[in-house]
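Survey of secondary and tertiary structure
Okay, here's what each chain looks like letter by letter:
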Amino acid sequence: MKGRVAGNSSSTEEKGSIISGIVAFFTSARTTIVLLFLLAAGSILGTIVPQTHEIGPVTSFSSRLIVILDLNNVYRSWWFSLLLVLLSFNLLGCLMERLPAIPGEWKGRSRRSTFSFKLADTRSPAKLMEILLPKLSGFMNREPERSGKGDEFVWIKDRIYLLGFPLIHIAIIVILLGGVIGLFFGYRGHVLIKEGSSAQQFSLNSGETKPLPFAISVSAFSLTRYPSGEPKEFRSDIKILENGEEVRSGSILVNHPLTYKGISLFQSDYRVVDVKEVRLTVTGQDSSKTDLLLRPQSSQQIPGTDYEARLLSLDPGTTQRGVGVDLAVNKKGEDPRSLRVYKKTGPVQLGEVQLGFADYTPLYATGLQVGYDPGTLVVWIGCGLLIIGFFLTLFTNFRRITVTFAKEETRTAIRVSCRSRSMRREFRKSVEEIIRETLQSRSAQTKMQ
Amino acid sequence: MKSIDLITYVTFGYLACSVLYLIAQVSGSQTKTIKGWLLGALILVFALHTGAIGLRWIESYQMGIGHAPLSNLYESLVFFAWCIALALIIARFKFGMDLLVLLGLPLVTLVLASTSLMDPSIKPLIPALQSNWLIAHVITCFLGYAGFAVSFVAAILLLMARESDFFARHLPRRQTLDEIVYRSILAGFPMLTIGIITGAAWADYAWGSYWQWDPKETWSLITWLVYSAFLHARLTRGWTGRKTALLSIIGFGAVLFTYFGVNYLPGLHSYF
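**Considerations on the interface of chain B and chain A**
Each partner contributes residues to the interface: chain B has 44 residues there, and chain A has 42 residues. Linking chain B to chain A there are one residue pair in polar contact (both at pLDDT 80 or more). Every element with two or more residues in the side of chain B that touches chain A is listed here: helix 7 (174-207) and helix 8 (215-236) of chain B. Here the side of chain B that touches chain A gets 13 residues from one element, more than from any other, and that element is helix 7 of chain B.

See the structure below:
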């Protein structure tokens, strides 16, 4: 099975041979197979070579190769894009070549068959039609269609199967088209917003900032955990503001984005940026315990003393020392001094009381992904077509029986041609049996060839 | 009984079935009835396997963190083995070939045995997995993988039959094997396609992008491309026998890498 190969033209051929060579290249399934393998190989490269945007010093041969072939960004490289474009044209070529045959198949005019045979009978065509047609109609569960050419009868079952092939291949083109739309008109970025504040712009993945057509105001972020300590839920409560007015409010969770004006906001990450409140336990001489709540930028009287405390900084506990705070304490007539209260080292004596670290409420900044992709809908349409196409190809059983009666000198020639997608052997057996039984039971002159 | 213990018994059940199948195969004559009994035993083990998955589902609800048992490597391996066993049983009835079961069962046993290396505890669902897409995505992907596994086994048998006359005498006809290699992929391919589509839909919903070239995504695409090349080669270029069998083996290699190998690369699927 040697296929046509592109660029095969020799000088003796006509000028058109180059064009026909190109046409042959794009309509060949061999091209498809080669392209599929090349795309697979390219994709493998992309998972092996780290895909980063930073390029180190270009010195060695391998690093030069990485730069020329965009190996650090394979999926957006010129050659990978070229392969996808070639695949699209190849798909179009194959569709163009095969689509014209489908109407003929649909109407039963096609001669393509999985099996065919001829019979001869001494009875007249009219007589044979009278006895054979009802049997085949019963078997195919439908009346035959009569084509224009003489005494030809066609039964077709599940003809919608014929749409499977074009649907699957159009679907792939549609999906690739959706990808291109997203590439040109869509964008993705990220924004980090502190609780209680809002943002009107975000940074694109390329690093540039881009304004949003609305403002996102974050009223709260919360992180809840399972008793075992694993995170259960990340939730950002947000409001969408347009010209300072609230137009939408809601929560964004992982697997639960919020979409406004086509722009989707997704929960992506979070950061502890500051502290909302620190709770210290004050133990008096009589062992009475009182809570002292400290907020940033405000002083607080320490119960049982004439000291005032002010929050200097919080150590969230990333080092060996663990979690703790630095405080500034002072009383009238004394210079302020700093005091370190760490959870690990225990309470600290201050005058007549002891100060112990209890806990703190962090101030979070929530990280939201901002995404806009007008191509997504196109991609989903493509995926829908693909699934329908597979369904038609796999779960319908196209079957066609074409019977032609032709009057010859003393006898009638019967030509039977059939096509079936699956269960071919069984189909053949049934058709042969029906015809043999119908004809042989009344006359011995019919023979199978 | 807990589902974890049940899975251990099921593993030994499959092992026993493979050994008995092997004995029945090599002992030659008069094995039709024995193999019939063995098939019954296999279906029984498979039923237990199904029960164990169901039990684990119930256990998670009893713990108050109810979710489908498809949420970590242990659970996905148990389900992977279940899918392969299902595909083997279906293929056994469709093609009437005991050898397929004989060669496929060690694969099932191996996959299940490897779960003893994993943490089998039932954990609550992390936020990223709290989605209804999880079930549709995992089930379609794994049914696809199971089809490819059957094709792989048939491809190995086909190559053995081609390479040596000794095997050829004891193996089913090459055309039958070739048909199984092809038909299993024909069944698995749409499943993988739907698996990739549901994965993309989920990714779009959860991360805002249907495709991010994450290693797992990329490798599932590579698998898809290889099997797609297989189907085109077979349907339009008339490739059969050794060439398509090799493609089936390469494809299954890609499946295994998608499933296991990618876990060693950083990416969004790191919890699987």
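**Quick look at the nonpolar core**
Residue and element names in this part refer to chain B. Counting residues in each nonpolar core, the largest one holds 118 residues, and the members touching the most others are Tyr14, Leu100 and Phe142. Residue contributions to this core peak at 17 residues, all from helix 5 (residues 133-163). Non-local contacts of tyrosine 14, meaning those with residues more than four positions away in its chain, are made with Leu42, Val45, Phe46, His49, Ala85, Leu105, Val108, Thr109 and Leu112.

**A word on the environment of leucine 294 of chain A**
Residues and elements named next belong to chain A. Examined against the element boundaries, leucine 294 turns out to sit in strand 11 (residues 289-294). Measuring from C-alpha to C-alpha, the distance between leucine 294 and lysine 276 comes to 8.6 Å, with 18 residues separating the pair along the chain. Not counting residues up to four positions away in its chain, the partners in contact with leucine 294 are Lys276, Glu277, Val278, Leu280, Gln300, Ala309, Leu311 and Leu327.

**Brief notes about the pairing of strand 14 (residues 324-330) of chain A**
All names here are of chain A. The buried fraction of strand 14 is high, at six of seven residues. Across seven bridges, the pairing between strand 13 (residues 308-315) and strand 14 is antiparallel. Within strand 14, the position partnered with arginine 310 by the bridge is alanine 328. In sequence, strand 14 turns back onto strand 15 (residues 337-342) through a hairpin of six residues, with glycine 333 there showing a positive phi of about 80 degrees.

**Quick word on a positive patch on the surface**
Residue and element names in this part refer to chain B. Side chains of Arg162, Arg174, Arg242 and Lys243 sit close together on the surface and give a patch of like positive charge. With respect to the secondary-structure elements, arginine 242 resides in helix 9 (residues 242-259). Assessed through its relative accessible area of 42%, arginine 242 is described here as partly exposed.

**Describing the sheet that holds strand 2 (residues 145-146) of chain A**
Residues and elements named next belong to chain A. Spatially, 1-19-18-3-2 is the arrangement adopted by the five strands of the open sheet, whose pairing is antiparallel. The open sheet terminates on both sides in strands that have one partner only, identified here as strand 1 (115-121) and strand 2. Taken together, the two bridges between strand 2 and strand 3 (residues 151-157) define a ladder with antiparallel strand orientation. Counterpart to glutamate 145 in the pairing with strand 3 is valine 154. Those strands touched by helix 6 (residues 125-140) are strand 1, strand 3, strand 18 (399-407) and strand 19 (412-420), and its axis lies near 175 degrees from that of strand 18.

**Observations regarding the environment of leucine 77 of chain B**
Residues and elements named next belong to chain B. Examined against the element boundaries, leucine 77 turns out to sit in helix 3 (residues 73-95). When its relative accessible area of 0% is taken as the criterion, leucine 77 is described as buried. Distance from leucine 77 to tyrosine 259, taken between C-alpha atoms, is 9.6 Å for residues 182 residues apart in sequence. Discounting residues that sit within four places of it in the chain, leucine 77 has contacts with Val111, Ser114, Thr115, Met118, Tyr259 and Phe260.

**Some details on the packing of helix 7 of chain B against helix 8 of chain B**
All names here are of chain B. Close contact between helix 7 and helix 8 brings their axes to 10 Å; oriented N to C, the two are set at 145 degrees. Crossing geometry of helix 7 relative to helix 8 is assigned as left-handed. Mapping the contact onto sequence places Asp178, Glu179, Val181, Tyr182, Ile185, Leu186, Phe189, Leu192, Thr193, Ile196 and Ala203 in helix 7 and Glu217, Ser220, Leu221, Thr223, Trp224, Tyr227, Ser228, Phe230, Leu231, Arg234 and Leu235 in helix 8. For the contact of helix 7 with helix 8, the residue count by class is 14 nonpolar, four polar and four charged.

**Focus: the packing of aromatic side chains**
Think of a pair of aromatic rings as described by two things: how far the centres are apart, and how the planes are tilted against each other in angle. Enumeration over the complete set of coordinates arrives at 34 aromatic pairs over all chains. The interplanar angle of 80 degrees and the centroid separation of 6.0 Å between the aromatic rings of tryptophan 79 of chain A and phenylalanine 80 of chain A together place this pair among those described as edge-to-face. No difference in accessibility class separates tryptophan 79 of chain A from phenylalanine 80 of chain A, as the two residues are buried. With a centroid separation of 6.4 Å and 45 degrees between ring planes, the pair formed by tyrosine 145 of chain B and tyrosine 259 of chain B is classed as tilted. In this pair, tyrosine 145 of chain B is assigned in helix 5 and tyrosine 259 of chain B in helix 9, connecting sequence segments 114 residues apart. Summarising the burial analysis for this pair, tyrosine 145 of chain B and tyrosine 259 of chain B share the class buried. Here the guanidinium or amino end of lysine 210 of chain A rests over the ring plane of tyrosine 187 of chain A, the centre of that ring lying 4.7 Å away. When the ring centre of tyrosine 182 of chain B is taken as reference, the NZ or CZ atom of arginine 234 of chain B above it lies at 4.2 Å.

The rules behind these values
Residues numbered from 1 in each chain as written. Chains lettered and ligands numbered in written order. Predicted model: local features only at pLDDT ≥ 70, side-chain atom pairs only at ≥ 80, totals over all residues. Heavy atoms only, no water. Contact = heavy atoms within 4.5 Å. Polar contact = N/O pair within 3.5 Å; in protein donor to acceptor, adjacent residues only side chain to side chain. Helix = DSSP H or I, 4+ residues; strand = E, 2+ residues; numbered from the N terminus. Core = buried A, V, L, I, M, F, W, Y, C linked by side-chain atoms within 4.5 Å. Buried < 20%, exposed > 50% of the residue type's maximum accessible area, 1.4 Å probe, protein only. Pairing = 2+ DSSP bridges. Patch = residues over 30% accessible without salt bridge, like charges linked within 9 Å, V, L, I, M, F, W, Y side chains within 5 Å. Areas by Shrake-Rupley, 256 points an atom, 1.4 Å probe, with all protein chains shown as cover. Salt bridge = Lys/Arg side-chain N within 4 Å of Asp/Glu carboxyl O. Lys, Arg positive; Asp, Glu negative; His and termini not counted. Charge placed at Lys NZ, Arg CZ, Asp CG, Glu CD. Axes fitted to C-alpha atoms, helices over the stretch in contact; angles between N-to-C directions. Left-handed = near helix turned anticlockwise from the far one by under 90°. Nonpolar A, V, L, I, M, F, W, Y, C, P; charged D, E, K, R; others polar. Phe/Tyr/Trp six-rings, centres within 6.5 Å; stacked < 30°, edge-to-face > 60°. Lys NZ or Arg CZ within 6 Å of the ring centre and 35° of its normal.

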